[in-house]
Each structure stands twice: as structure tokens, then as C-alpha cells.
Amino acid sequence: MPRIIVAEDDEIVAEIVRDTLIQAGHAVGVVQDGAAALDVIRAKRPDMVILDCSLPSMTGVQIVRQMRIDYDLWEIPALMLTARVSASDEDLAMYAGADEYMRKPFDPKKLLATVDVLLTEALDRKALEKRPAGARAI
């Protein structure tokens, strides 16, 4: 069961995201503050994070930047889920290290599909890293 941390300060959005992911079989924790989210990510080492760009105390972009320079967190997939719609906001998030960017309002089915793709890609990367030297992928 993949573990996902959701950093979202809008209770209704957080509830929709949480319920969608739980119904699909994921374990989900919700945090409403950016600094607290980073603390939870460091403590729990989830399989994935979903971050709002606009959070109290620390933005989602700042969290991703910190994750990408932290040896223990750099490979955790990060999805930005935000109301920010400009191309420059998306570019900034992607440059900081986000794996995907989704705008609100969002389709829960599309959210789930995106989460599944990111988790599968992360598992594939881990499997490649564990292959013995000289082994070929089939």
C-alpha cells in the first residue's frame, strides 16, 4: 500500500484528494502547513507527496526544493496540485523539481491516474537500481 503525504490547506480539497486516494487503496496523511509537511515527509519518508503551491509557512515549491537537495528525500515523486494557472508558476515548480503539475479544479480520476503513473515510474527506477551490474532489462 503506497503511502502518500498531501500538503493542502483547503480542507475541502484535502478531503477530496484523501478520499479519492484512500478508495484506490493508498494510505494518506494530510498536513495543512508547509513546514509541518516537510517535517512529516522527513519523518515518514512517504512513497509520494502531493503539494499545494500556496501553504502557510512554506510553499510547495520550497518543499520540493528542499526534498531535491536532501539525500534521503530526493527521489520521492512530487505532484504539485494548485490553483496557480500561469505558465511561469508551472515552470517554477517544475524547475524546482516537481514531477507533475496539476491545476485546480481537478478531475479526481485524472488525479488518481497521475498518482498511479508517478508511483509506477518510481517503482521502476528502484527496480533498475537493484539490478546486478551487467544485467540487462527485458
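Because the structure is a prediction, the values reported are computed rather than measured. (Residues numbered from 1 in each chain as written. Predicted model: local features only at pLDDT ≥ 70, side-chain atom pairs only at ≥ 80, totals over all residues. Heavy atoms only, no water.)

1. With respect to the pattern of salt bridges
Under the defined criterion, the tally for this structure stands at seven salt bridges. Across the pair K104 and E8 runs a salt bridge whose closest N-O atoms are separated by 2.7 Å. With K104 in the loop between β5 (100–103) and α5 (108–130) and E8 in the loop between β1 (3–7) and α1 (11–23), this pair connects stretches of sequence that are 96 residues apart. The class for K104 is buried, based on a relative accessible area of 18%. Under the relative-accessibility criterion, E8 is labelled buried at 2%. It is possible to trace a salt-bridge network through shared partners that takes in E8, D52 and K104. (Salt bridge = Lys/Arg side-chain N within 4 Å of Asp/Glu carboxyl O. Helix = DSSP H or I, 4+ residues; strand = E, 2+ residues; numbered from the N terminus. Buried < 20%, exposed > 50% of the residue type's maximum accessible area, 1.4 Å probe, protein only.)

2. Here we look at the nonpolar core
Taken as a class, soluble globular proteins show a tendency for nonpolar side chains to be buried jointly. Counting residues in hydrophobic clusters, the biggest one holds 23 residues, and the most contacted among them are I41, V49, L51, I63, M67 and M80. Elements with a contribution of two residues or more to this core: β1, α2 (34–44), β3 (48–51), α3 (60–69), β4 (78–82) and α4 (87–96). Of the residues forming this core, the biggest block, four residues, is contributed by α3. Not counting residues up to four positions away in its chain, the partners in contact with V49 are I5, I41, M67, I76, P77, A78 and L79. By size, the runner-up hydrophobic cluster in this structure holds 16 residues, among which are V17, V28, M102 and V115. (Core = buried A, V, L, I, M, F, W, Y, C linked by side-chain atoms within 4.5 Å. Contact = heavy atoms within 4.5 Å.)

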